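Chains, contacts and geometry: an overview
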There are 2 protein chains.
Amino acid sequence: MRLVIIGGSDAGIAGALRARELDPSCEVTVVLDDAYPNFSICGIPYYLSGEVADWSKLAHRTLEELSSHAITVRMNTRALAIDRSRHQLRCRTPDGDSQELPWDRLIIATGATPVIPAVEGLRDGLQTDRVFLVHTIADARALMSALDIVGAARALVIGAGYIGLELAEALTTRGVNVTQFEAREHLLATIDPTLAAQLEAELAAKGVELVTGTRVSSLVANDDVTLTLSRDQSGNTTTATGDVAIVVAGVRPETDLAVAAGAKLGHGGAIWVNRRMETGIPGIFAAGDCVITHHKLLGESYLPLGTTAHKQGRIAGAAAVGKADEEFRGVVGTQVVKVFDQVIARTGLTELEASTAGFKPFTITTNVDDHKRYYPGARTISIRLTGDVLTHRLLGIDMLGPTSSAVHKRIDVAAVALQGGTSVGELIDLDLAYTPPLGTPWDALQIAAMEWLQRIPQRQESLSREVSPG
Amino acid sequence: MRLVIIGGSDAGIAGALRARELDPSCEVTVVLDDAYPNFSICGIPYYLSGEVADWSKLAHRTLEELSSHAITVRMNTRALAIDRSRHQLRCRTPDGDSQELPWDRLIIATGATPVIPAVEGLRDGLQTDRVFLVHTIADARALMSALDIVGAARALVIGAGYIGLELAEALTTRGVNVTQFEAREHLLATIDPTLAAQLEAELAAKGVELVTGTRVSSLVANDDVTLTLSRDQSGNTTTATGDVAIVVAGVRPETDLAVAAGAKLGHGGAIWVNRRMETGIPGIFAAGDCVITHHKLLGESYLPLGTTAHKQGRIAGAAAVGKADEEFRGVVGTQVVKVFDQVIARTGLTELEASTAGFKPFTITTNVDDHKRYYPGARTISIRLTGDVLTHRLLGIDMLGPTSSAVHKRIDVAAVALQGGTSVGELIDLDLAYTPPLGTPWDALQIAAMEWLQRIPQRQESLSREVSPG
């Protein structure tokens, strides 16, 4: 059985490894259009910062390790077209030749591509060594060269999502002054604005100039980069100048090959798949940043994340070799990012997302200690807890705290509870660990749950007044 | 309605607060036989170490805060007898008088008392200022004075459970040389021996001399303390001498009052209660270290812990004021302790406990990175994962890692999954947070689960050979 996988990042390699694990007789070929199989794209900021000295360290596995699993990796090979009737994948080889690869099963793991925002002059700018996207290892290496060659002292970062914030930290760590532009009123659209505002203070304290509520309307790159900025509807504009500009405005699913082969699209324009990662085209599976994600609270959604890509890839690999019993169980949207000394994390839905999705959310904000105050080093964690007013179902948690406060694992505690369909009250029953230097007898999450329960009657009362005819 | 609570520690105060929260009309009186209501007993080691400069900081709440909840606290008042027919509690007041307190509902929260091991001369030693138990704030203050007065340079710690290890660290931090004796072959009987052995290396590295497999047979206290030690059955003995000796040999439930009132005892000689903390005697509830604990995997057990005492006290308080819908959902035995720079934690059952309880456990040990190796500061976490061979149900996790690796919250992630009745395979589906400086795309727990699943077929095969008649 010949399994061909298009894409050599998280989903593609997870699928390849799983297929080989379950069926050592299958021949697995991974086709990727660059020279960086199984690299940790999420690690790029830490290469740019200088914390990872050598870009090759960003590989999850070396080519030798992949070979030891008998996985054939065809690098610098671009998949051009899927022939679904003849079961052939047409490719352009590193030499520029056209070649067909036969497959019995195919996994499409083409990932996502950066969104290029509608900024006048941006596409031209990307042809210079002053303006960059940061999505691939090749992008990162090009940016790194430019930073070195230009001796960049001032960077303009367009976008303040997860990657934008990591880049702002990375460049600051490197000694580059950063000015960051975000069209929305707050950074991190995916996080509750209350906590986003707290994170903005961390950026300011570390010297990043964050300019929110500001659109970049044009870009001119010559010996430096100049952006034209508009802040309101008045038509008044200002400008900002830097040595380089980096555009991090999100991603969209890369679906061209799949669409040409007749695959159906779903939420967010991503390839539709069922829970076995089947596209509906016989023998063709898809996984990772190019496909929809099943979300426990939202149903079908698009949420490209490395963790999900690994899980989906693993299931696609199993399904491709005929293991029918593995299914993607669905995510709850768990995410975390470290920004300097603060960590911000979420699972489930924010208050806004919950009401948009048709829930009746009630959200509290509370500040709690990460461990007993009497023991040195106690720090405050800010928690936003959202539950449904009518059912008391837990809908989401957002958290912000210093790196030392283990917010990155506290969010996982909430995620597991949420994935199990817990009520807010049931959080209080969780048997969580306690020792004074590291926790509190009622965990921070449980204190938040108690506060929510104490305050919910008022909210329910005001709700009943709203809906009451009198 | 008059609610009287015997005991002013975690369970007693949690019950008092919850009763007042739910029924502001009830009169709540807490009777305790010392002057330290609502103190964090778990904080004692950090007072002895000098990290908490003032013992009064160990209070979870001040007397004023308790008063602000309209809770009457009667300190230095010893409960002598419960009259269940006349609904009176006979007490000895601080003046030494006898007094009766009327009650409509009573919560027994008498806690636990230290086990005094059968060591010749120990009871006499406890009358001197050389030999100590460390169970109450008064004990801690007495030990602190003795350390100061004696100018203790060398302490002998008898016992290497949770408290014993925290004391060993505390005294070392204080500059006292510690020699620690444990009758069992390894420290922490509650933790898997593989990980216990790793923790022993941490003690050695920090200068604690740990002597395991060694019984203390006698103790003589004069100007110093001399212990007689026996290591084997030969009758040969050695001795050890120090300035002070501290005995931390575990606790037993304090049940005298309850037994005299006719309460039934259960597992471990603790007061039997149902999930509403009812003792079976009308109007009398009990909670905390004096009662049995409902364990999700073991059923009735005895497992005195502050976290459980808080939960049980809260439920007893609710039940006492007639809220019938709250029940104790049961624990999974989650525990954590920090010992110098290492954290050891557990949830569920160890391999030994699981087989004793009738499961067919299979356990793997694996060492995984706490975050992506390319990002600076990655450290190794050791995980023991136990699952049932037949059902694949997750039975327990033990973990050891440096303080920075968030083991204290990683164990909570496992605890929530375990409490939900997960299988080992379902751990792989958990939607956990990832960012390279703080985690891995497959979380450490998921990597352990994958390894367990990879190795289980061999175990099942050997099991089927064992049970096969041929």
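Here the residue index of a chain counts from 1 through its sequence in written order. Each chain gets a letter, beginning with A, and each ligand a number, beginning with 1, in the order they are written. Owing to the predicted nature of the model, reporting of local features is limited to residues with pLDDT of at least 70; listing and counting of side-chain atom pairs is limited to 80 or more, with chain, interface and lining totals taken over all residues.

Residue pairs spaced three or four apart in an α-helix point in one direction, given the helix's 3.6 residues per turn. Residues and elements named next belong to chain B. Here a helix means four or more residues in a row that DSSP labels H or I, a strand means two or more in a row labelled E, and each is numbered from the N terminus. Residue count minus one, scaled by 1.5 Å, sets the expected span of a helix. With 14 residues, helix α5 (residues 137-150) ought to run about 20 Å at 1.5 Å a step, and its terminal C-alpha atoms sit 20 Å apart, in line with that. For the exposure call, what matters is how many other C-beta atoms sit within 10 Å of a residue's own: 20 or more marks it buried, 12 or fewer exposed, and in between partly exposed, using C-beta atoms placed from the backbone. All buried positions along α5 are accounted for by Ile137, Ala140, Leu143 and Leu147. One side of α5 holds all its buried residues, which, seen down the axis, span an arc of 120°. More than 90 degrees from the buried face of α5, the exposed residues found are Ala138, Ser145 and Ile149. Each residue gets a C-beta atom placed from its backbone, and two residues are in contact if those atoms lie within 7 Å. Contacts made by the buried residues of α5 are with α2 (44-48), β9 (131-133) and β16 (244-247). Immediately downstream of α5, the backbone of glycine 151 shows phi near 65°, a positive value. Along the arc lie the directions from the helix axis toward the C-beta atoms.

For the rest of this paragraph, the subject is the packing of helix α11 (residues 407-419) of chain A against helix α11 (residues 407-419) of chain B. Contact geometry of α11(A) with α11(B) gives a least axis separation of 8 Å together with a crossing angle of 5°. Judged by the angle between their axes, α11(A) and α11(B) are roughly parallel. From α11(A), Lys409(A), Arg410(A), Asp412(A), Val413(A), Val416(A) and Ala417(A) reach across to α11(B), where they touch Lys409(B), Arg410(B), Asp412(B), Val413(B), Val416(B) and Ala417(B). Think of each axis as a best-fit line through the C-alpha atoms, taken over the contacting stretch in the case of a helix, with angles from 0 to 180 degrees between the N-to-C directions. Here is the rule for angles: anything less than 35 degrees is roughly parallel, anything more than 145 is roughly antiparallel, 65 through 115 is roughly perpendicular, and the remaining ranges are oblique.

Time to look at the domain arrangement of chain A. Residue and element names in this part refer to chain A. Annotation comment: domain bounds sourced from an automatic or database domain assignment. Taken domain by domain, chain A consists of domain 1 (2-112 + 252-320), domain 2 (122-247) and domain 3 (335-467). Taken over C-alpha atoms, the centre of domain 1 sits 30 Å from the centre of domain 2. Of the residues lining the interface, twelve residues belong to domain 1; the matching set on domain 2 comes to 15 residues. Each residue gets one of three labels, nonpolar for Ala, Val, Leu, Ile, Met, Phe, Trp, Tyr, Cys and Pro, charged for Asp, Glu, Lys and Arg, and polar for the others, Gly among them. Counted by class, the side of domain 1 that touches domain 2 contains nine nonpolar, two polar and one charged residues.

At the interface, 51 residues of chain B touch 51 residues of chain A. Those elements that place two or more of their residues in the side of chain B that touches chain A are α9 (306-320), β21 (335-339), β22 (342-348) and α11 of chain B. The class makeup of the residues in the side of chain B that touches chain A is 28 nonpolar, twelve polar and eleven charged.

When the copies are superposed, the least-squares fit draws on C-alpha atoms of residues that have pLDDT of at least 70 in both. Taken as rigid bodies, chain B and chain A are interconverted by a rotation of 180° and an axial shift of 0.0 Å, the fit giving an RMSD of 0.0 Å. Here the copies are linked by what is in effect a two-fold axis. Considering only C-alpha atoms, the residue of chain B closest to the rotation axis is Val413(B), which sits at 2.3 Å. Looking at chain B, 100% of its interface residues are interface residues in chain A too, so the copies touch through the same face.

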